[in-house]
Amino acid sequence: MRQLLIDTLGLAGFGALNYGLYLRFGLADALITGGALLLVLALVATRAAKRAGGGHAAG
């Protein structure tokens, strides 16, 4: 339940950030920034999953 709350708050914050950028700079800048932030999120999540899995090196 705690993780669901954290995810919901994160999504709401991300949406508010993008909406603020949209109002200030327009759609193109909001989409570029949102895409960049989602890419960073995916990279961080992948790194965290790799660390949680033990991080065994091949070879």
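Scroll up to find the structure.
Each value, and the rule that gives it
- Every residue gets a number counted from 1 within its own chain, in the order that chain's sequence is written.
- Only residues with pLDDT of at least 70 get local features here, since the model is predicted, and only at 80 or more are side-chain atom pairs given and counted; chain-wide, interface and lining totals rely on the full set of residues.
- No hydrogens and no water enter the side-chain calculation; it runs on all heavy atoms of the structure.
- In DSSP terms, a helix is any run of H or I states spanning at least four residues, a strand is any run of E spanning at least two, and both are numbered starting from the N terminus.
- Under the scheme applied here, a residue whose accessible area is under 20% of the maximum for its type counts as buried, over 50% as exposed, and between as partly exposed, the area being computed with a 1.4 Å probe on protein chains only.
- Each accessible area is a Shrake-Rupley estimate made with a 1.4 Å probe; only the visible protein chains count as cover when residues are assessed.
- Each helix should span, by expectation, one fewer than its residue count multiplied by 1.5 Å.
- Only C-alpha atoms enter the line fits that serve as axes; for helices the fit covers just the stretch in contact. Angles between N-to-C directions range over 0 to 180 degrees.
- When describing relative orientation, an angle under 35 degrees is termed roughly parallel and one over 145 degrees roughly antiparallel, while 65 to 115 degrees is termed roughly perpendicular and anything else oblique.
- A clockwise turn of the near helix away from the far one marks a right-handed crossing, whereas an anticlockwise turn of less than a right angle marks a left-handed crossing.
- Note on definitions: a residue-residue contact is assigned when non-hydrogen atoms from the two residues lie within 4.5 Å.
- Asp, Glu, Lys and Arg are counted as charged, while Ala, Val, Leu, Ile, Met, Phe, Trp, Tyr, Cys and Pro are counted as nonpolar; the rest, among them Gly, fall into the polar class.
- Residues qualify for a patch when their relative accessible area is over 30% and they have no salt bridge, like charges being joined within 9 Å and the nonpolar side chains of Val, Leu, Ile, Met, Phe, Trp and Tyr within 5 Å.
- What counts as a salt bridge is simple: a side-chain nitrogen of Lys or Arg found within 4 Å of a carboxyl oxygen of Asp or Glu.

1. Points about the overall build of the chain
Logical step 1: Looking only at helices and strands, the chain features two helices and zero strands.
Logical step 2: The burial tally for the chain puts 7% of its 59 residues in the buried class.
Logical step 3: If you sum the accessible surface of the chain, you get close to 5100 Å²; carbon and sulfur atoms cover 70% of it.

2. Quick notes on helix 1 (residues 2–25)
An α-helical segment advances 3.6 residues per turn. Residues three or four places apart therefore align on the same side.
Logical step 1: Spanning 24 residues, helix 1 covers 34 Å between terminal C-alpha atoms, matching the ideal 34 Å at 1.5 Å per step.
Logical step 2: Positive backbone phi, at 110°, marks G26, one or two positions downstream of helix 1.

3. Focus on the packing of helix 1 against helix 2 (residues 27–52)
Logical step 1: Contact geometry of helix 1 with helix 2 gives a least axis separation of 7 Å together with a crossing angle of 150°. The angle between helix 1 and helix 2 falls in the class roughly antiparallel. In terms of crossing hand, the pair formed by helix 1 and helix 2 is right-handed. Between helix 1 and helix 2, the residues in contact are F14, L17, N18, L21, Y22 and F25 and L27, D29, A30, T33, G34, L37 and L38, respectively.
Logical step 2: Residue composition of the contact of helix 1 with helix 2, grouped by class: nine nonpolar, three polar and one charged.

4. Describing a nonpolar patch on the surface
Logical step 1: A grouping of Y19, Y22, L23, L27 and L31 is seen on the molecular surface, where their side chains present a nonpolar patch of about 570 Å² in accessible area.
Logical step 2: At the level of elements, helix 1 and helix 2 are the ones that each hand at least two residues to the nonpolar patch.
Logical step 3: Among the secondary structure elements, Y22 is positioned in helix 1.

5. Points about the side chain of N18
Logical step 1: Tracing the chain through its elements places N18 in helix 1.
Logical step 2: Overall, the relative accessible area of 17% leaves N18 in the buried class.
Logical step 3: Once residues within four sequence positions are removed from consideration, N18 is found in contact with A30 and G34.

6. Re helix 2
Logical step 1: Relative to the 38 Å expected for 26 residues at 1.5 Å per residue, helix 2 spans 37 Å between its end C-alpha atoms, a close match to the ideal helical length.
Logical step 2: With two of its 26 residues buried, helix 2 lies for the most part at the surface.

The values are spatial; any link to function lies outside them.
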